[in-house]
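Structural characterization, general
The primary structure of each chain is shown beneath.
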Amino acid sequence: MRMRIFHAASLFGIAALLAAGMIPARAATGGNKAYASVDPFIGTAGGGHTFPGATVPFGMVQVSPDTQILDFHKSYGWAAGYRYEDKTILGFSQTHFSGTGHSDLGDVLLMPIAGAVRLDPGDPDKPGSGYRSRFSHSDEIAQPGYYAVTLQDYGIRVELTATQRVGLERYHFPADQPAHVLVDLRSSIYDYPGKVLWSSLRVRPDGTVTGYRITRGWAPGRRLFFAMRFSQPMTGHELHDLEGPLDYKGFAPPAANHPAERAQVLGRALVGVFDFGALKNPVLLVKVSVSPVSEDNAIRNLHAEMPGWDFDATRAAARTAWTQALSVFDVDATPGMQKSFYTALYHTMIAPNLAMDVDGRYRGPDNAVHQAQGFNFYSTFSLWDTYRAEHPLLTLIQPPRRTDDIIRSFIAFQHESPYGMLPVWSFDGLETWCMIGYHAVAVIADAYMKGIRGYSADQALKAMVATATYGPYGGLKYYMKLGYVPIDKEPEAASKTLEYAFDDWTIARMAQAMGRKQIAAEFYQRAGYWRNEFDPKTGFARARLSNGKFRVPFDPAAAGYGSDYTEGDAWQYSWYEPQDIGGLIHELGSDQKLVAKLDAVFDSKVNPKEFANVEDITGLIGYYAHGNEPSHHIAYLYDYAGEPWKTQERLRQIMDSQYAPTPDGLVGNDDCGQMSAWFIFTALGFYPVAPASNEYVIGRPFVKRATLTLPNGRHFTVVAERLSDANPYVGSVTLNGKPLNRVYIRQQEIMAGGVLRFVMQPQPNKRWGTSPAGRPYSMSTYE
């Protein structure tokens with residue numbers, strides 16, 4: 001079978017990607033404006049956990065500065081390696097997550113040094129210590145695909161750019177001091193003693209430096225191989241094992257592939273120093289490729305994507321890739337909104353990440369090497385977050401092949417998994433088992449219902465059912481037997497029941513569309529299991545015991561370890577029935593009772609200290625916590641109860657308080673693009689409350705005009721007439737000139753192209769969108 005191999009973002013790589021259809025060849029209206037509007041520093045302070053460094057869309061490398069502290073117990077804020085508040089840079093590593101809560105990576109840290117070399121990383125609280133260097137934001141530049149900074153302690157100007165699998169660094173050394181490049185294989189994001197199980201560093205006869213390391217981090221047993229070349233010859237080098245002789249205690253280190261090579265060191269604390277003397281040409285370049293497979297494959301990646309040394313051409317190619325990707329939208333908005341919008345769009349296209357070499361080989365969840373046949377293997381799937389809005393957005397802004405390849409990666413993962421499950425939270429092809437649910441099924445079903453079907457639907461459905469019936473996972477065996485997850489058998493049981501029920505509904509939707517009636521019936525039944533956790537007496541979702549009784553005592557504000565909920569409480573989770581909000585209204589008793597509950601969520605007086613010890617409950621408006629995903633759909637639920645003007649009010653509260661075009665402009669973790677995808681949809685005026693429904697619930701727009709160039713070449717435009725702070729409410733809506741009185745828009749209406757026009761006004765229109773006939777989908781109504 002023909003294999004699609006993309007050597008992207010080298011001088012010739014953009015043309016290859018355009019020909020392959022992986023970068024949309026769209027009109028560049030607004031493209032340069034879009035590129036110039038992106039500020040990669042947004043989210044690098046506060047809770048955003050983004051990085052400012054260089055990458056290309058969905059690339060395998062993210063070369064970026066690391067400023068992190070070395071104490072693992074205090075490292076949460078450095079999940080992307082960099083914090084805007086810091087004063088020193090430790091070095092520049094090749095791999096980073098964008099916006100995650102937990103973290104890993106930070107592989108192959110490089111630090112250029114002028115003058116004397118110190119091998120210890122130093123103390124970030126003691127500038128001038130170790131090999132780290134002071135820097136100033138006045139010397140920093142961050143653009144999509146490019147980063148630059150001056151290392152003040154060395155007088156070195158550093159520039160970074162990237163292709164898909166290769167990071168390219170350009171160092172401008174002072175002319176009067178010896179130049180060195182330090183490579184530290186000890187350094188890691190979320191570091192702790194013993195994280196590096198084994199590593200190798202060697203210099204090959206032609207001057208190529210290769211190596212690997214095996215870590216027991218978030219994904220135990222992860223292997224990362226690399227190859228590195230310099231643009232000028234070394235005058236010498238030193239390879240250090242700073243741990244000294246090891247007592248292996250039965251651990252067998254991997255054998256060296258080529259023990260006869262000129263220089264190599266094996267160990268768990270390796271540092272290499274590569275010397276270049278006083279350079280006549282003070283500009284030194286280093287290119288670093290990574291591979292999940294082998295050192296030899298890392299060299300192949302290097303040859304394929306960056307055979308030469310043209311930094312400016314590589315930077316220009318990365319800019320072209322980003323300009324093409326960002327030009328999907330042409331937005332007219334205030335300067336701050338425009339910056340936030342395009343930066344959010346940028347953040348939605350950093351992950352998922354390519355996770356295979358140029359020959360199509362990748363490492364799967366069994367930690368074995370596999371061959372991709374006819375698709376690109378992707379990983380970095382923060383699915384508990386991204387199924388909500390990130391993946392639905394990709395179906396609108398990326399060619400269908402991107403989503404096809406993601407789903408084919410899911411299917412391959414499930415086939416190779418020792419547990420026979422689709423990914424839960426995976427990166428580099430390995431499972432972390434982070435978070436709950438089996439939300440890959442929602443991504444697949446959403447794509448299938450939208451007509452994106454470049455994969456075997458039968459294999460996909462089989463993988464979905466296998467995942468949803470794997471009893472040992474997360475209390476599923478009890479859920480299938482009892483109709484809920486019991487809290488005396490499984491922690492966070494209420495959240496698990498609710499999320500499993502939604503996932504089951506998406507399976508049912510796809511099975512029904514495929515004509516698989518028996519599967520559809522089974523999973524529609526399971527999709528109603530959320531009712532087993534809902535207590536009409538208190539009006540909250542609660543966890544039950546194995547004997548069927550609700551756990552007592554009950555406090556709807558109780559959160560954290562040992563509670564009924566995952567990173568939340570009853571105030572945040574009780575409204576998570578996106579497949580059946582009509583059923584929720586029935587359980588509560590009326591539209592007005594849902595509205596009252598939602599009002600209480602936003603209007604309650606809450607002390608943020610109540611959640612100080614609960615991870616990721618941030619961005620509080622009452623009990624609403626925008627910094628974490630369980631709240632993301634809540635503001636849109638007023639539409640289901642016939643009061644869309646309250647959705648409009650709440651969205652304004654959220655947009656005004658939770659986002660800003662500043663380094664601390666993300667109130668919570670961006671979570672591989674989910675926080676940003678929420679912003680994009682909300683700015684446009686609609687949001688996918690229930691992925692796989694093919695409906696987007698209407699809110700209100702925050703941009704004056706936005707034209708989306710769709711994957712099929714058509715254009716869909718949102719217009720907000722009279723939009724201003726003084727006109728925050730929707731007065732009327734038309735679609736292609738015809739009145740739209742329902743509070744949702746369909747996928748096929750967007751894909752057909754056209755104009756969605758809002759007329760904004762100062763007071764609520766309590767007649768628009770209030771009819772029960774115009775409300776969004778609810779399972780109880782249709783199934």
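Nothing here was measured: the structure is a model prediction, and the numbers come from that model.

Counted residue by residue, strand E8 (residues 156-162) has six buried out of seven residues, so it is predominantly covered. Alignment of strand E7 (residues 146-151) against E8, held across five bridges, turns out to be antiparallel. When the bridges of E8 are listed, Leu151 appears paired with Ile156. The antiparallel pairing of E7 with E8 creates a hairpin that spans four residues between the two strands, and Gly155 there sits at a positive phi of about 65°. In this structure, E8 lies alongside strand E9 (residues 166-172), joined through six bridges in antiparallel fashion. Bridge pairing links Arg157 to His172 in E9. Where E8 folds back on E9, the antiparallel hairpin that results is connected by three residues.

This model, assessed by the stated rule, comprises 45 aromatic pairs. When the ring of Phe97 is compared with that of Trp425, the centres are 5.7 Å apart and the planes differ by 75°; the resulting orientation is edge-to-face. Of this pair, Phe97 sits in the loop between strand E3 (91-93) and strand E4 (109-114) while Trp425 sits in strand E24 (residues 425-427), placing them 328 residues apart in sequence. When its relative accessible area of 2% is taken as the criterion, Phe97 is described as buried. Seen in terms of ring centroids, Phe602 and Tyr624 are 4.8 Å apart; in terms of plane orientation they differ by 20°. Their pairing is stacked. Residue Phe602 is located in helix H16 (residues 591-603), and its partner Tyr624 is located in strand E29 (residues 624-625); the two are separated by 22 residues in the primary sequence. Judged by its relative accessible area of 3%, Phe602 is buried. With relative accessibility at 0%, the residue Tyr624 sits in the buried group. By way of ring pairs, the aromatic residues Tyr636, Tyr659, Trp678, Phe679, Phe681, Phe686, Tyr687, Tyr696 and Phe716 are connected into one cluster. Stacked on the ring of Trp78, the Lys or Arg Arg83 has its end atom at 5.8 Å from the ring centre.

As for its position among the elements, Asn353 is in strand E19 (residues 353-354). A C-alpha to C-alpha distance of 9.7 Å links Asn353 and Ile406, two positions 53 residues apart in sequence. Ignoring any residue separated from it by four or fewer positions in sequence, one finds Asn353 in contact with Phe58, Gly59, Gln62, Phe377, Tyr378, Ser379 and Thr380. Polar side-chain contacts of Asn353 include one of 3.0 Å to the backbone oxygen of Gly59. Among the polar contacts made by the side chain of Asn353, one reaches the side chain of Thr380 at a distance of 2.8 Å.

Right, let's talk about the nonpolar core for a bit. Met228, Phe329, Phe341, Ile397 and Phe686 are the most contacted members of the largest nonpolar core, which totals 232 residues. By residue number, the principal contributor to this core is helix H12 (residues 493-513), which donates 11 residues. Within the second largest apolar cluster, 11 residues are counted, among which are Ala148, Leu285, Leu302 and Met306.

Looking now at the confidence of the model for the chain. Low-pLDDT stretches of the model should not have their predicted coordinates read in fine detail. Residues with a pLDDT of 70 or more make up 93% of the chain, whose mean pLDDT is 93. Across residues 1-16, confidence stays below pLDDT 50; counting only partners more than four residues off in sequence or on other chains, it has 46 contacts. Predicted confidence for residues 25-29 stays below pLDDT 50, and this span has 16 contacts to residues more than four positions away or in other chains.

What follows is about the side chain of Gln648. Its place among the elements puts Gln648 in helix H17 (residues 644-658). Among residues more than four places away in sequence, those in contact with Gln648 are Gly699, Arg700, Pro728, Tyr729, Val730 and Trp768.

The interhelical angle for the contact between helix H5 (residues 335-347) and helix H18 (residues 674-684), taken along N-to-C directions, is 135°, at an axis separation of 8 Å. Looking at the two axes, H5 sits oblique to H18. Every pair of crossing elements has a handedness; the one defined by H5 and H18 is left-handed. Contacts from Met337, Ser340, Phe341, Ala344, Leu345 and His347 of H5 reach H18 at Ser676, Phe679, Ile680, Ala683 and Leu684. When grouped by side-chain class, the residues that make up the contact of H5 with H18 number eight nonpolar, three polar and no charged.

This next bit is on the sheet that holds strand E12 (residues 209-216). Read across the sheet, nine strands follow the order E6-E7-E8-E9-E17-E13-E12-E11-E15 without closing on themselves; strand pairing throughout is antiparallel. Each having just a single partner strand, strand E6 (141-143) and strand E15 (263-267) make up the two edges of the open sheet. When strand polarity is set aside, the average angle formed by the axes of neighbouring strands in this sheet is 15°. Most of the contacts of helix H3 (residues 295-305) go to strand E17 (residues 283-291), to which it runs at about 125°, and overall it touches E9, strand E11 (196-203), E12, strand E13 (220-230) and E17. On the sheet, helix H4 (residues 311-326) packs against E6, E7, E8, E9 and E17 and is oriented at approximately 50° with respect to E8.

Another aspect to go through is the sheet that holds strand E33 (residues 715-721). Spatially, six strands are ordered E18-E32-E33-E37-E34-E35 in an open sheet, and the strand pairing comes out mixed. A single partner strand is all that each edge strand has here, and the edge strands are strand E18 (329-332) and strand E35 (738-739). Across six bridges, E33 lies against strand E37 (residues 754-761) in parallel orientation. Residue pairing in the sheet places Ala720 in a bridge with Phe758 of E37.

Further remarks concern the packing of helix H10 (residues 457-468) against H12. Helix packing geometry: the angle between the two helix axes and the distance between the axes. For the pair H10 and H12, interaxial distance at closest approach is 11 Å and the crossing angle is 150°. Considered as vectors, H10 and H12 are oriented roughly antiparallel to each other. Once H10 is placed against H12, the crossing between them reads as left-handed. The segment H10 lies against H12, with Ala457, Ala460, Leu461, Met464, Val465 and Ala468 engaging Asp504, Ile507, Met510 and Ala511.

Rules and cut-offs
Residues numbered from 1 in each chain as written. Predicted model: local features only at pLDDT ≥ 70, side-chain atom pairs only at ≥ 80, totals over all residues. Heavy atoms only, no water. Buried < 20%, exposed > 50% of the residue type's maximum accessible area, 1.4 Å probe, protein only. Helix = DSSP H or I, 4+ residues; strand = E, 2+ residues; numbered from the N terminus. Pairing = 2+ DSSP bridges. Phe/Tyr/Trp six-rings, centres within 6.5 Å; stacked < 30°, edge-to-face > 60°. Lys NZ or Arg CZ within 6 Å of the ring centre and 35° of its normal. Contact = heavy atoms within 4.5 Å. Polar contact = N/O pair within 3.5 Å; in protein donor to acceptor, adjacent residues only side chain to side chain. Core = buried A, V, L, I, M, F, W, Y, C linked by side-chain atoms within 4.5 Å. pLDDT = per-residue confidence, 0-100. Axes fitted to C-alpha atoms, helices over the stretch in contact; angles between N-to-C directions. Parallel < 35°, antiparallel > 145°, perpendicular 65-115°, else oblique. Left-handed = near helix turned anticlockwise from the far one by under 90°. Nonpolar A, V, L, I, M, F, W, Y, C, P; charged D, E, K, R; others polar.

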